[in-house]
Amino acid sequence: MGRIVAIANQKGGVGKTTTSVNLAAALAKLQKKVLLIDLDPQGNASVALGIDKDNAEMTVYDLLAEGASVEDIVLRAEQAELDILAANGDLTAAEIKLLEEELGAGRLGEALKSVKAQYDVIIIDCAPSLNMLTLNALAAADGIVVPVQCEYFALEGLSALMDTIETVQRELNPNLHIDGLLRTMHDRRNNLANDVSNQLVTHFGMKVLQSIIPRNVRLAEAPSYGESIFDYDKSCPGALAYFALANELMRKTQI
Ligand code: ADP
Ligand code: MG
């Protein structure tokens, strides 16, 4: 059964999309059958893998708001060798519709039931918000990975996220497991980054993943070519770090 992993943090710009795309691509390179779900109306994950989001015939909006199935909307990211459910600005309208529904938080999980067995892993790139879309991701997920940028305000907001996770575990999804906090955009030469990294470990202990994603300009460049880091520059430090992360998660969880 495919493990559903949500990549979430309500802070923007912490590396959620970069992690979703490159973790998904790393797992695909390791021969896993991967589905990547773009659950952010910004559609950054879709664009990062070369999908023309605004001309996609059907997107996650159709899945969540129009009763389409995964099979109806799934696209193939050929180069990255994975399946993707694309998103664009329409997704905002789906969020509003879901808010009006009593069981709105469970819609994504329902839709994934029929395809879960076809994949080894399903990765969900969440929006920078604890909104109804993110709730859908957490309600559907087996695990959550929380990217944390090693900078001054990194810890701010993490306790709100932990509270949300506890509420979801209590009320929607007792199976939700914290797969780990992931340090992103880390610069070893920067004392503050090291301090924040140490603080995270003090605070969250074993929940902090061993793999650390370094700040690497190649990771920022790859999306503009519509390529994962493995197709853009497979031996750069960012690529090696995402490979290490994929291996760590495969060891620690059932992927
Ligand atoms: P989020 O999805 O959390 O908003 P992104 O993954 O889009 O964050 O990252 C925010 C910005 O930082 C993007 O421009 C991205 O290319 C860049 N970025 C992300 N991770 C790294 C990294 N490890 N090194 C350098 N730039 C990065
Ligand atoms: Mg993003």
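Every value quoted in this text rests on a predicted model; they were computed, and no experiment measured them.

With 92 residues, the main nonpolar core has Val60, Ile123, Ile124, Ala137 and Leu138 as its most contacted residues. Sequence-distant contacts of alanine 137, defined by excluding residues within four places in its chain, comprise Ala6, Ala8, Leu39, Leu108, Ile124 and Cys126.

Moving on, we get to the pairing of strand S8 (residues 208-214). Where strand S7 (residues 177-186) and S8 come together, 3 bridges link them in parallel fashion. Across the sheet, leucine 181 pairs through a bridge with valine 208, a residue of S8. Remark: the S7/helix H9 (residues 191-204)/S8 crossover connection has right-handed handedness.

Glancing now at the environment of cysteine 236. Within the fold, cysteine 236 resides in the loop between helix H11 (229-232) and helix H12 (237-252). The contacts of cysteine 236, once residues within four sequence positions are left out, are Asn216, Arg218 and Ile229.

Now for the site of ligand 1. In the neighbourhood of ligand 1, 18 residues make up the surrounding shell, with Gly15, Lys16, Thr17, Thr18 and Ala220 lying closest. Those elements giving two or more residues to the shell around ligand 1 turn out to be helix H1 (16-29), S7 and helix H10 (217-221). In terms of residue class, the shell around ligand 1 is built from 7 nonpolar, 9 polar and 2 charged.

Here we take up the packing of helix H5 (residues 91-99) against helix H7 (residues 132-140). Taken N-terminus to C-terminus, the directions of H5 and H7 make an angle of 75°; their axes are 9 Å apart at the nearest point. It follows that H5 is roughly perpendicular to H7 by the angle criterion. For the pair H5 and H7, contact is made by Leu91, Glu95, Leu98 and Leu99 and by Met132, Leu133 and Asn136, respectively. Broken down by class, the residue content of the contact of H5 with H7 amounts to 5 nonpolar, 1 polar and 1 charged.

Moving on to the environment of valine 60. If you trace the backbone, valine 60 turns up in helix H3 (residues 60-65). Sequence separation between valine 60 and glutamate 101 is 41 residues, and the spatial gap between their C-alpha atoms is 17 Å. Among residues more than four places away in sequence, those in contact with valine 60 are Ile37, Asp38, Leu39, Ile73, Leu85, Ala86, Ala87 and Leu91.

For the rest of this paragraph, the subject is the UniProt feature "domain: AAA" (unreviewed entry) in the protein. Mapped onto this numbering, the UniProt entry annotates "domain: AAA" (unreviewed entry) at residues 3-178. Within the segment residues 3-178, helix and strand shares are 39% and 19% respectively, and the terminal C-alpha atoms sit 13 Å apart.

All right, on to the pairing of strand S1 (residues 3-7) then. The buried count for S1 comes to 5 of 5 residues, which makes it a mostly enclosed element. Side chains of S1 alternate between two faces, with Arg3, Val5 and Ile7 and Ile4 and Ala6 buried alike. Relative to strand S5 (residues 121-126), S1 is paired through 5 bridges, and the arrangement is parallel. Bridge assignment links isoleucine 4 to a residue of S5, and that residue is isoleucine 122. Note that S1 and strand S6 (residues 143-149) share 3 bridges and pair parallel. Each residue of the ladder has a partner; that of isoleucine 7, found in S6, is valine 145.

This part is about H12. An ideal rise of 1.5 Å per residue puts 22 Å on 16 residues; H12 measures up with 22 Å between its terminal C-alpha atoms. Buried residues along H12 sit in contact with H1, S7, S8, H10 and H11.

What counts, and where the lines are drawn
Here the residue numbering is sequential within each chain, running from 1 through the sequence in written order. Chains carry letters and ligands carry numbers; both start at the beginning, A for chains and 1 for ligands, and go up in the order they are written. Local features in a predicted model are, by the rule used here, given only for residues with pLDDT of at least 70; side-chain atom pairs are given and counted only at 80 or more, and totals for whole chains, interfaces and linings are based on all residues. Working definition: the nonpolar core is a set of buried Ala, Val, Leu, Ile, Met, Phe, Trp, Tyr and Cys residues, joined through C-beta atoms within 7 Å. Here the C-beta atoms are placed from the backbone, and a residue counts as buried if at least 20 other C-beta atoms lie within 10 Å of its own, exposed if 12 or fewer do, and partly exposed otherwise. This entry defines residue contacts through backbone-placed C-beta atoms, with two residues in contact when those atoms are within 7 Å. One requirement defines pairing of two strands: DSSP has to find at least two bridges between them. Each helix is a run of DSSP H or I of at least 4 residues and each strand a run of E of at least 2, with the numbering of both proceeding from the N terminus. When the strands point away from the viewer and the path from the first strand over the helix to the second turns clockwise, the crossover is right-handed. We count a residue as near a molecule or strand when its backbone-placed C-beta atom lies within 6 Å of that partner. When residues are sorted by character, Ala, Val, Leu, Ile, Met, Phe, Trp, Tyr, Cys and Pro go into the nonpolar class, Asp, Glu, Lys and Arg into the charged class, and all the rest, Gly among them, into the polar class. Whenever a helix is involved, its axis is fitted only over the stretch in contact; in every case the axis is a line through C-alpha atoms, and angles between N-to-C directions fall within 0 to 180 degrees. Reported orientations rely on four angle classes, namely roughly parallel under 35 degrees, roughly antiparallel over 145, roughly perpendicular from 65 to 115, and oblique for the rest. UniProt positions are given in the numbering used here, feature names are shortened, and annotations may be inferred rather than shown by experiment. Any helix carries an expected span of 1.5 Å times its number of residues minus one.

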